Amino acid sequence: MRHLVKGKKLRRDTAHRKALLRNLVTSFLEKERIRTTLAKAKATRPVAEKIITLGKEDSLHARRRAFQFVYKKDVVRKLFEDLGPRFRERPGGYTRIVKIGPRFGDGSEMAILEMVGTEFKSEEKQKEKKKKSTSPKSKK
């Protein structure tokens, strides 16, 4: 029986799995969107949500707990200065998993793990790129 056993093992031993999740969460908080397998995205989601919840409470204890898990100082700074205030009024559900189909090489189901509210930023960036590419180029 699997009483009180949560999370997936992802076919890794404990140290490897913890390192993987720390890397994924650090990259996710840094970039606000990552592309990974569906299983890894599902395993990363609850851990990332707990770290974002830490960012909502800007205290020394919360910062030290975040430093225990996140690898980069810049990411922890972003967590407490940008992400925490952004999600202050939201009671949870900071992330979204979007399935994008199988991977070409091995057929593994792929997904995008993104923060809620970042889709507008990416659409704006794509529109800016289109505007820049359609502008007339000067001839020399």
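Note that the structure is a prediction, hence the values are computed from the model and not measured. (Residues numbered from 1 in each chain as written. Predicted model: local features only at pLDDT ≥ 70, side-chain atom pairs only at ≥ 80, totals over all residues. Heavy atoms only, no water.)

J.: I would appreciate a short explanation of the sheet that holds strand S2 (residues 95–102) in the present structure.
T.: Remark on secondary structure: sheet strands pair via backbone hydrogen bonds, oriented parallel or antiparallel. Taken in spatial order, the three strands make up an open sheet running S1-S3-S2, and their pairing is antiparallel. One side of each edge strand has no neighbouring strand; the edge strands of this open sheet are strand S1 (33–37) and S2. For this sheet, the mean inter-axis angle between neighbouring strands, taken without regard to orientation, is 25 degrees. Alignment of S1 against strand S3 (residues 109–115), held across five bridges, turns out to be antiparallel. Residue pairing for S3: threonine 37 is matched across the bridge by methionine 110. Packed onto the sheet, helix H1 (residues 14–31) meets S1, S2 and S3 and runs at close to 145 degrees relative to S1. (Pairing = 2+ DSSP bridges. Helix = DSSP H or I, 4+ residues; strand = E, 2+ residues; numbered from the N terminus. Axes fitted to C-alpha atoms, helices over the stretch in contact; angles between N-to-C directions. Contact = heavy atoms within 4.5 Å.)

J.: Just checking my understanding: could you explain the packing of aromatic side chains for this structure?
T.: The geometry of an aromatic ring pair is captured by the separation of the ring centres together with the interplanar angle, meaning the angle of the planes. Inspection of the entire model under this criterion finds one aromatic pair. Measuring from centroid to centroid gives 5.2 Å for phenylalanine 87 and tyrosine 94, while their planes differ by 55 degrees, and the two rings are tilted. Of the two residues, phenylalanine 87 and tyrosine 94, both sit in the buried class. (Phe/Tyr/Trp six-rings, centres within 6.5 Å; stacked < 30°, edge-to-face > 60°. Buried < 20%, exposed > 50% of the residue type's maximum accessible area, 1.4 Å probe, protein only.)

J.: Where do I start with the side chain of threonine 37 in this structure?
T.: Here threonine 37 shows up in strand S1. Residue classification places threonine 37 among the buried residues on the basis of a relative accessible area of 11%. Not counting the four nearest positions on each side in its chain, threonine 37 is found in contact with Arg103, Ser108, Glu109, Met110 and Ala111.

J.: Any chance you could explain the packing of helix H2 (residues 38–56) against helix H3 (residues 60–69) here in plain terms?
T.: A packed helix pair is summarised by two numbers, namely the angle formed by the two axes and the spacing between the axes. Orientation of H2 relative to H3, taken along the N-to-C sense of each, is 150 degrees, at an axis distance of 9 Å. Taken together, the axes of H2 and H3 are roughly antiparallel relative to one another. Where H2 crosses over H3, the handedness of that crossing is left-handed. Contacts from Val47, Ile51 and Leu54 of H2 reach H3 at Ala62, Arg65, Ala66 and Phe69. Its residues placed into classes, the contact of H2 with H3 shows six nonpolar, no polar and one charged. (Parallel < 35°, antiparallel > 145°, perpendicular 65-115°, else oblique. Left-handed = near helix turned anticlockwise from the far one by under 90°. Nonpolar A, V, L, I, M, F, W, Y, C, P; charged D, E, K, R; others polar.)

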